[in-house]
Amino acid sequence: MKIKNICCIGAGYVGGPTMTMIAAKCPHIKVNVVDINNDRIALWNDSNVDNIPIYEPGLSELVGQTRGKNLFFSTDVNAAIHQADMIFISVNTPTKTYGVGKGMAADLKYIELCARQIAAVATSDKIIVEKSTLPVRTAEALRSILDNTGNGVNFDILSNPEFLAEGTAVTDLLNPDRVLIGGEDSDRGRAAQQALVDVYANWVPKKQILTTNVWSSELSKLTANAFLAQRVSSINALSELCEVTEADVNEVARAIGSDSRIGSKFLKASVGFGGSCFQKDILNLVYIAQTYGLNEVADYWEQVIIMNDHQKRRFAKKIVKTLFNTVSGKKIALMGWAFKKDTNDTRESASIYVADYLLNEQAEVVVYDPKVTSEQIYSDLDYLGTRSHEENRRLLKVVKNPLEAVHKAHAAAILTEWDEFKHFDWEIIYNNMLKPAFLFDGRILLNHNELEDIGFNVYTIGRGE
Ligand SMILES: NC(=O)c1ccc[n+]([C@@H]2O[C@H](COP(=O)([O-])OP(=O)(O)OC[C@H]3O[C@@H](n4cnc5c(N)ncnc54)[C@H](O)[C@@H]3O)[C@@H](O)[C@H]2O)c1
Ligand SMILES: O=c1ccn([C@@H]2O[C@H](COP(=O)(O)OP(=O)(O)O[C@H]3O[C@H](CO)[C@@H](O)[C@H](O)[C@H]3O)[C@@H](O)[C@H]2O)c(=O)[nH]1
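Keep in mind that this is a model prediction, so the values were computed, not measured.

(A) Quick look at the domain arrangement of the protein. Annotation of the protein at the domain level lists domain 1 (5-204) and domain 2 (215-465). Placing the centre of domain 1 and that of domain 2 at their C-alpha centroids yields a distance of 31 Å. With 37 residues of domain 1 in contact, the opposing surface of domain 2 contributes 28 residues. Here domain 1 and domain 2 share an interface that buries about 2,500 Å² over both sides, 58% of which is from carbon and sulfur atoms.

So this is what it looks like as C-alpha cells:
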C-alpha cells in the first residue's frame, strides 16, 4: 500500500515539525496538518514564515520550502480526514485536572474526540497512527470507538511515538536514533505497519526503523521518558550531596559518564527538569502501575518526580537563605523562562515554580527571556492560581533587555541555559547591580571563577561555596 495523502490532527510542537519533515522528505505525499485552534493555524500560514507559532532552529526554513507545495495547514479537519489514507493523531494528552486520576492520569478526551470525528467522517479505509504519547493499551479504546461508531470502513491502528526533543526537533527528526512503529499481528496490521515504514524509509535507514507490537510501542514511549528523567533526578540528587561534601557534580558526572555502560548524556545537574513531557508521562506511568496494583513499581517511579520538585524548591530556598533570609522588597532578576534553551515552550519550566516561591516571599521579580512573550509568562503564573491576575502583573515584571532586568537587582538567577547568557558582559551587569551582588547559576552555565573575580557572590548547583 503506497501512502499518497496524510492528515495530521494537531498542529502543535509535535504535529507541526514532524509533518514538515515528512513533507520535505516525501514530495510525493500531500500532507494536511489540521487543528481546531484558528490562531495557531493562522500563524502556521502567516506570509512571514518567521511567525510560525513554534520556535525551533531550522524549522521556519523547512516550512518555507514545503508550505503550499505538499504541506498545508488548515482548520478544516473533516476535509483532511476525508482525503487521507493515513491519519496521525498528534493532539495534546495533558495530565487530568479533574475526576478519577486527577493529577496523575493522562487526559484522553482530545484523543477520543479525534477518534469519534474520524469514525463519523471516514468513507474509505484509513490507517490511524497514534503519534501522541498515550497510556499503554489506548489502541484498544481507539479500536472500540472506531469500530462501533464508524461507517463500516476498515481502520488499522499503529503506534508511532515521537522522540524528538524541543530545541533540537529538526535535527532529531532528520537523524532519529530510531523510529518506533507498533502494529497489530495480522495481515492487515503488518501491511499498515509496512506502509508507515515506507514513509520513514524515504530518509531514515531501515535498520533504525523498529517494529514491535502495539503495546510495546505505547509503553516504550513512557519508559524512554521515565529513564531520561530518572537520570536527571539521579544527578540532581547527587548535586545536593556534592554541595555539602566539596565534591563537584560536573566532575562526578564526567567521571561516571566515561563508563560506557552509563554514558555521558543526560547527566547535567540543573534547577530541575521541565517541559511538557517528563512529569506528565511519569505521573501517567505511576498511575498505570497503581491501577494494575503494582504499588512498588509506582512508588519507584514517583520518586523521580519527588526529587525534581525538591530540586526546584531547594534552589528557590537557597536564594532566600543566601540573601540573609529575606527577599521581601528585593529585586531578583530571573534569566530565562523557557524550560530549556532554543525553545519558546515554557510548560512545567522550573522558572515558574522558582518565581512563584520568590513572589510568596514578597520579592520583586523581574524576568528576561530572549524568546518567551510576557503574555506567556503571566499566563503560566496565573495558571498556578497562587494569586490574582492583577497581583501577578503588579509583583512580577517582564523586560526585553537583560540590563534592565539586573539594574539595581540584589541577585540574578540563571534558570535557562540560553547561549547568549554566556556572552553577556558580566562586569557591566555587576556594575549595575546592588552590592553584595549575588549570582545563582541553576544551569552550571557560567565561568564561576571569572564571576568571583569580578566581585559576584556565586552559588551554583552541585558545588559547595
Ligand atoms: N512537545 C514535545 O516535544 C513532544 C515530544 C514527543 C511527544 N509529545 C506528545 O505529543 C502530543 C502532542 O504534544 P504537543 O507538544 O505537540 O502538544 P500541543 O499542545 O503543542 O499541540 C496539540 C494540538 O492539538 C490540537 N487539538 C486538540 N484537540 C484537537 C482536535 N480534536 N482536533 C484538532 N486539533 C486538536 C490543539 O489545539 C493543539 O494545537 C502529546 O501527547 C505529547 O505528550 C510531545
Ligand atoms: O542532563 C540534562 C538533560 C535535560 N535536563 C532538563 O530536562 C528537561 C527536558 O529536556 P529534554 O529531554 O532535552 O527536552 P524535551 O523536549 O522535554 O524532550 C523529552 O521529552 C520529549 C517528549 O516526550 C521526548 O520526545 C524526548 O525524547 C525527551 O528528551 C529540560 O528542562 C532540561 O533542561 C537536565 O536538567 N539535565
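So, next bit.
(B) Structural context of the environment of Ile 54. Along the polypeptide, Ile 54 turns up in the loop between helix 2 (38-44) and helix 3 (59-66). As a C-alpha pair, Ile 54 and Val 14 span 40 residues in sequence and 10.0 Å in three-dimensional space. With sequence-adjacent residues up to four places away left out, Ile 54 is seen in contact with Gly 12, Tyr 13, Trp 44, Leu 59 and Asn 344.

(C) How the structure looks around the site of ligand 1. Taken together, 25 residues form the shell around ligand 1, and within it Asp 35, Arg 40, Thr 93, Glu 166 and Lys 280 come nearest. Contact between ligand 1 and Ile 36: a nitrogen atom at 3.4 Å from a main-chain N or O atom of the residue. Between ligand 1 and Thr 93 there is a distance of 2.6 Å, counted from an oxygen atom to a side-chain nitrogen or oxygen. With the chains in place, 93% of the 830 Å² that ligand 1 exposes on its own is no longer accessible. Here the shell around ligand 1 is built from residues that sort into nine nonpolar, nine polar and seven charged. Two domains each donate at least three residues to the shell around ligand 1, and these are domain 1 (5-204) and domain 2 (215-465).

(D) Region of the structure containing the site of ligand 2. Surveying the vicinity of ligand 2 reveals 21 residues, the closest of which are Phe 163, Leu 164, Ser 270, Cys 277 and Arg 443. In this structure, an oxygen atom belonging to ligand 2 sits 3.3 Å away from a main-chain N or O atom of Glu 162. Residue Phe 163 places a main-chain N or O atom 2.7 Å away from an oxygen atom belonging to ligand 2. Burial of ligand 2 by the protein amounts to 91% of the accessible area it has alone, namely 690 Å². Of all the secondary-structure elements, those providing two or more residues to the shell around ligand 2 are helix 9 (214-245) and helix 11 (278-291).

(E) The nonpolar core, seen in detail. Counting 63 residues, the largest nonpolar core has Phe 315, Leu 334 and Phe 456 as its most contacted members. The element best represented in this core is helix 13 (residues 350-360), accounting for six residues. Beyond its immediate chain neighbours, meaning those up to four positions away, Phe 456 contacts Trp 426, Ile 429, Tyr 430, Met 433, Ala 437, Phe 438, Leu 439 and Leu 451. Formed by 43 residues, the second largest nonpolar core is a distinct cluster that contains Ile 52, Leu 71, Val 129 and Leu 164.

(F) Broad picture of the environment of Thr 66. Along the chain, Thr 66 falls in helix 3. With a relative accessible area of 5%, Thr 66 lands in the buried category. Remark: the alpha-carbon pair of Thr 66 and Thr 212, spanning 146 residues in sequence, is separated by 31 Å. Setting aside residues no more than four positions away along its own chain, Thr 66 makes contact with Thr 20, Ala 23, Ala 24 and Leu 71. In this structure the side chain of Thr 66 is engaged in a polar contact, spanning 2.8 Å, whose partner is the backbone oxygen of Leu 62.

Definitions and limits used
Residues numbered from 1 in each chain as written. Chains lettered and ligands numbered in written order. Predicted model: local features only at pLDDT ≥ 70, side-chain atom pairs only at ≥ 80, totals over all residues. Heavy atoms only, no water. Domains from an automatic or database assignment. Contact = heavy atoms within 4.5 Å. Buried area = accessible area lost by both parts, 1.4 Å probe. Helix = DSSP H or I, 4+ residues; strand = E, 2+ residues; numbered from the N terminus. Near = heavy atom within 4 Å. Polar contact = N/O pair within 3.5 Å; in protein donor to acceptor, adjacent residues only side chain to side chain. Areas by Shrake-Rupley, 256 points an atom, 1.4 Å probe, with all protein chains shown as cover. Nonpolar A, V, L, I, M, F, W, Y, C, P; charged D, E, K, R; others polar. Core = buried A, V, L, I, M, F, W, Y, C linked by side-chain atoms within 4.5 Å. Buried < 20%, exposed > 50% of the residue type's maximum accessible area, 1.4 Å probe, protein only.

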